[in-house]
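Commentary on secondary and tertiary structure
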Number of protein chains: 2
Amino acid sequence: MFTVSTEKAAYHHGNLRDALVRTALSLLEESGVEALTLRAAARGAGVSAMAPYRHFADKADLLAAVAEQGYADLRDRLARADTAADPRQALVEQGVAYVLFALERPALFRIMFGASLGSGLPPKPPPTAGSAYGILAARVAGLVPEEKREAAVVAAWSLVHGLACLTVDGRLTPQADAASPETLARQVTGLFAAGLPA
Amino acid sequence: MFTVSTEKAAYHHGNLRDALVRTALSLLEESGVEALTLRAAARGAGVSAMAPYRHFADKADLLAAVAEQGYADLRDRLARADTAADPRQALVEQGVAYVLFALERPALFRIMFGASLGSGLPPKPPPTAGSAYGILAARVAGLVPEEKREAAVVAAWSLVHGLACLTVDGRLTPQADAASPETLARQVTGLFAAGLPA
DNA sequence: CAGGGATGTTTACAGTGTCAACTGAGAAGG
DNA sequence: CCTTCTCAGTTGACACTGTAAACATCCCTG
């Protein structure tokens, strides 16, 4: 057993919580969701199987922390894509960024949304998730009159989210999937943006 | 332990495969996804833990069979909703039906799409899934000129699928969720249908 | 220099998916 | 009719998971 060497390696590990989240994240992205086990995360952090319970109530709680990291990354990504002067264009770019994020980090994306691993109850939307939502909502708000705004925001969000899910899970017809996902995302969101009521 | 009584109860169970799928489905819908375990399905069918392996390669294979049942139900539901004379209206009704299906049977919906429990690889889209897709695609095809048709079909599919996912997982903002899901679905898909290029 | 609270460790348990080897029943062939 | 073969189901075992309870150890505060 040796830790990452640049770390403190004190034997009250220092910052286990962060180490666990980092380990969990790389487990998830390098080996898929079924490799992300509480024990594996503990092992990766060089610590006993029960240690994580000092920092997380249970496995779902660790996953929530991982997801939160994902939300922050997604929000950054959307913000970085939101640069075009034309608001319609900016909206399209956000949509493309959303889909690409899902495609590049599919396992993380599936943890962020969906199922919350356990009870079927709503998994308590974390604050960071809302801020990603806000970036998209702001663009839509600038394009749609007050009374249709809410439906339009939900529609935009649904559209990119649905496209991301279907693409990630390989659910699109081969012909649709043949073109690069980016092209497809651009066409789809473009079509949507064009149809928005002025 | 007693079987469903109307069944044969012969000692080479008769039709274990179907019994397992049925048991799995009710486990799933009555007690959530974490209750759907291979052993529990076997128990429910009155059979030993290893018996399912004579009919399914592994757990994922059972889940695939359950999902297939779900696809068939969804297709029926879409077909039944597709009755309006106005094609735009029919499209909206299909979207609403899709969202309601997801909301009424959330666990099944999550099994049908998403993750395929195991490798992150695409889970081999079953034939029945395509036929549900076809019902929606047909309506869109009647509304959109040839060259934009493909993008429009993907967009419609994405929109309702995304809305279904977000609703099921309780990801919508409270205000959006306050109205009945059906109303929301109607507004959102209506807005989309209205924006479609003539 | 106490001692107390946070942080980790050990041990244990119920449950899971799945492998290997065994058994029983119904059909096939002499 | 009796043997035999093969499919369908069983038993037992294994490695692994998440988690509870009790114990150990470090560091900080008084």
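Scroll up to find the structure.
For the structure given in this document, a descriptive report is provided here. The structure presented is a predicted model; accordingly, all values stated were derived computationally and were not measured.

Some points on the protein's contact with DNA strand C
- Near DNA strand C there are 18 residues, and of these Ser48(A), Arg54(A), Thr37(B), Arg39(B) and Tyr53(B) occur at the shortest range.
- For DNA strand C, the backbone portion of the atoms within 4 Å of the protein, that is sugar and phosphate, comes to 47%.
- Between DNA strand C and Thr37(B) there is a distance of 2.6 Å, counted from a phosphate oxygen to a side-chain nitrogen or oxygen.
- Contact distances for DNA strand C include 3.0 Å between a phosphate oxygen and a backbone N or O atom of Leu38(B).
- Of all the elements, helix H2 (residues 38-44) of chain B adds the most residues to the surface near DNA strand C, at 3 residues.
- Of the residues assigned to the surface near DNA strand C, the class counts are 7 nonpolar, 6 polar and 5 charged.

Some details on the packing of helix H3 (residues 59-81) of chain B against helix H4 (residues 87-104) of chain B
All names here are of chain B.
- H4 packs onto H3 with a crossing angle of 145 degrees between their chain directions and a minimal axis gap of 8 Å. The way H3 lies across H4 gives a crossing that is right-handed. Between H3 and H4, the contacting residues are Gly 70, Asp 73, Leu 74, Arg 77, Leu 78 and Ala 81 on the first element and Glu 93, Gln 94, Ala 97, Tyr 98, Leu 100, Phe 101 and Glu 104 on the second.
- A breakdown of the residues in the contact of H3 with H4 according to their chemical character gives 7 nonpolar, 2 polar and 4 charged.

What about the protein's contact with DNA strand D?
- Neighbouring residues of DNA strand D: 20 residues in total, closest Thr37(A), Arg39(A), Tyr53(A), Ser48(B) and Arg54(B).
- Here the atoms of DNA strand D within 4 Å of the protein split so that 48% fall in sugar or phosphate, with bases taking the remainder.
- Arg39(A) is positioned such that a nitrogen or oxygen atom in its side chain is 2.3 Å from a base nitrogen of DNA strand D.
- Separating a phosphate oxygen of DNA strand D from a side-chain N or O atom of His55(B) is a distance of 2.8 Å.
- When residues of the surface near DNA strand D are assigned to their parent elements, the largest contribution, 3 residues, is made by helix H2 (residues 38-44) of chain A.
- Classifying every residue of the surface near DNA strand D gives 7 nonpolar, 6 polar and 7 charged.

Regarding the interface of chain B and chain A
- On the chain A side, the residues contacting the 40 residues of chain B number 40 residues.
- Summed over both partners, the interface of chain B with chain A buries about 3400 Å², with 68% contributed by carbon and sulfur atoms.
- On the chain B side of the contact with chain A, Leu166(B), Arg171(B) and Leu191(B) bury the most area, a combined 19% of that side's loss.
- Per-element tally for the side of chain B that touches chain A: the top contributor is helix H7 (residues 146-168) of chain B, with 14 residues.
- Of the residues contributing to the side of chain B that touches chain A, the split by class is 23 nonpolar, 11 polar and 6 charged.

Notes on the packing of aromatic side chains
All names here are of chain A.
- Considering all chains together, one arrives at 12 aromatic pairs over all chains under this definition.
- Relative to Phe 113, the ring of Tyr 71 has its centre 5.9 Å away and its plane inclined at 80 degrees; by these criteria the two rings are edge-to-face. One end of the pair, Tyr 71, is in helix H3 (residues 59-81); the other, Phe 113, is in the loop between helix H5 (106-112) and helix H6 (127-141), with 42 residues separating them in the sequence.
- On the basis of relative accessibility, which here comes to 3%, the residue Tyr 71 falls in the buried class.
- Take Phe 113: its relative accessible area is 7%, and that puts it in the buried class.
- Counting every residue linked through ring pairs, the aromatic cluster contains Tyr 71, Tyr 98, Phe 109, Phe 113, Tyr 133 and Trp 157.

Digging into H4(B)
- Relative to the 26 Å expected for 18 residues at 1.5 Å per residue, H4(B) spans 25 Å between its end C-alpha atoms, a close match to the ideal helical length.
- Along H4(B), 13 of the 18 residues are buried, which leaves the element largely enclosed by surrounding structure.

Section: the pattern of salt bridges
- Scanning all chains against the criterion turns up 16 salt bridges over all chains.
- When the shortest N-O distance is used, the salt bridge between Asp82(A) and Arg139(A) registers 2.6 Å. Residue Asp82(A) is located in the loop between H3 and helix H4 (87-104), and its partner Arg139(A) is located in helix H6; the two are separated by 57 residues in the primary sequence.
- The closest approach of N and O atoms between Asp73(B) and Arg105(B), which form a salt bridge, is 2.8 Å. Placement of the pair is Asp73(B) in helix H3 and Arg105(B) in the loop between H4 and helix H5 (106-112), with a sequence separation of 32 residues.
- In this structure Asp73(B) comes out as partly exposed when scored by relative accessible area, which is 21%.
- Through salt bridges that share partners, Glu29(A), Asp73(A) and Arg105(A) make up one connected network.

Rules of the game
Residues numbered from 1 in each chain as written. Chains lettered and ligands numbered in written order. Predicted model: local features only at pLDDT ≥ 70, side-chain atom pairs only at ≥ 80, totals over all residues. Heavy atoms only, no water. Near = heavy atom within 4 Å. Polar contact = N/O pair within 3.5 Å; in protein donor to acceptor, adjacent residues only side chain to side chain. Helix = DSSP H or I, 4+ residues; strand = E, 2+ residues; numbered from the N terminus. Nonpolar A, V, L, I, M, F, W, Y, C, P; charged D, E, K, R; others polar. Axes fitted to C-alpha atoms, helices over the stretch in contact; angles between N-to-C directions. Left-handed = near helix turned anticlockwise from the far one by under 90°. Contact = heavy atoms within 4.5 Å. Buried area = accessible area lost by both parts, 1.4 Å probe. Phe/Tyr/Trp six-rings, centres within 6.5 Å; stacked < 30°, edge-to-face > 60°. Buried < 20%, exposed > 50% of the residue type's maximum accessible area, 1.4 Å probe, protein only. Expected span 1.5 Å × (residues − 1). Salt bridge = Lys/Arg side-chain N within 4 Å of Asp/Glu carboxyl O.

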